[in-house]
Every structure is written in structure tokens, then in C-alpha cells.
Amino acid sequence: MVLDNIENLLEKYENGETSLKEEQQLKDYFSQETVAPHLEMYKPIFCYFLENQQEQFTKHLPLKTKKVFNYKWLSVAAVTVLMVSIFNSYGKDVISQKDREDYGKAKAALELVSKHFNKGVSKVNYLGTLDKAGEQVAYLDEMNNPMGRIFKNN
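Residues numbered from 1 in each chain as written. Predicted model: local features only at pLDDT ≥ 70, side-chain atom pairs only at ≥ 80, totals over all residues. Heavy atoms only, no water.

## Here we look at the side chain of Thr 18
Point 1. Residue position: Thr 18 is located in the loop between α1 (2–15) and α2 (20–30).
Point 2. Relative accessible area serves as the criterion here: at 15%, Thr 18 is assigned to the buried category.
Point 3. A distance of 3.0 Å separates the side chain of Thr 18 from the side chain of Glu 23, its partner in a polar contact.
Point 4. Apart from residues no more than four positions distant in its own chain, Thr 18 is found in contact with Leu 9, Lys 12, Tyr 13 and Glu 23. (Helix = DSSP H or I, 4+ residues; strand = E, 2+ residues; numbered from the N terminus. Buried < 20%, exposed > 50% of the residue type's maximum accessible area, 1.4 Å probe, protein only. Polar contact = N/O pair within 3.5 Å; in protein donor to acceptor, adjacent residues only side chain to side chain. Contact = heavy atoms within 4.5 Å.)

## Here we look at the packing of aromatic side chains
Point 1. All told, the structure shown has two aromatic pairs when counted by the stated rule.
Point 2. For the ring pair Tyr 29 and Phe 30, a centre distance of 5.2 Å and an interplane angle of 80° mean the geometry is edge-to-face.
Point 3. Judged by relative accessible area, which is 10%, Tyr 29 ranks as buried.
Point 4. We classify Phe 30 as buried; its relative accessible area is 0%.
Point 5. A centroid spacing of 6.2 Å and a plane angle of 50° characterise the contact between Phe 30 and Tyr 42, whose relative ring orientation is tilted. Taken as a pair, Phe 30 in helix α2 and Tyr 42 in the loop between α2 and α3 (43–54) lie far apart in primary sequence, 12 residues in all. Like Phe 30, the residue Tyr 42 is buried in the burial classification.
Point 6. Three or more aromatic residues link up through ring pairs in this structure, and these residues are Tyr 29, Phe 30 and Tyr 42. (Phe/Tyr/Trp six-rings, centres within 6.5 Å; stacked < 30°, edge-to-face > 60°.)

Now the structure itself:
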């Protein structure tokens, strides 16, 4: 009777239909010294489960308590430092006295060149007046030759 019950439980176990209580009955049966010869192949499986339940992990696992550095905040801090340094150096004099003197000399030289250039331009301005006078003379020539004017427009 016990053997029939064990065979039925094995069939249910293979189909995945056993409860925990029924599996415990199978483990108890196969942990005995004497098992039916035709069921001997199941003994290592259930003995393994029993031994595996009694195993304990004894190795010490260190916990990682060290915080990982977040690099995206480092980039935010770098940009902030850069912006503050640019803002602070914006209003300060970073030009040396020698650079100021050189700038003044260059400015004076360019003003002198500009002054002489403007004089030359003012003397050449009459050429524009002469150009307008030449256009008026050309118009008068066309008035003297009315036939040329008619043929020119067509």
C-alpha cells in the first residue's frame, strides 16, 4: 500500500502537481535505507534536496558602504567655477600699462592717417561734380541730334 502511494506521488511529482506536504513525504521515503529496487533511481534526487536544505552559506560578504562618486555633478561644478571666474574677471583690468601706451600710439597713428585721408577725399570730391557736368553735356548733345535719339531708344 505504501509503495502504491509513493508511485502515485512520483507520477504527480513528475507532472508538477504535488503539494509541499506530498513532496516532503517523498523526501522522507527516499531518505530511508531501504527503497524499492525499481525506485532506486529517484533516491539521489531526493537525497540531494534534503542535503541541500541543510547547507548554509558561511562565507563573509563585505557590504559596499563606500559611495560611488557621481561624475555628472563634477561637470556641473566645473561649469559653475568657470562661469564665476569669467564673471569676476570681466570688470577687472587685465591690460597692462605698456599695452595701454601701445594702444594710444596706434590710435593716434590711425587718427593721423584718417585725417590725411579725409583731406584727400575732400580734394577729389569735385570729380563727382565734373562727372555730373559731363552727363549734362552728353544730354545736350543728344538734344542737338534728335534723329540719333529716336534711333537710340528703339
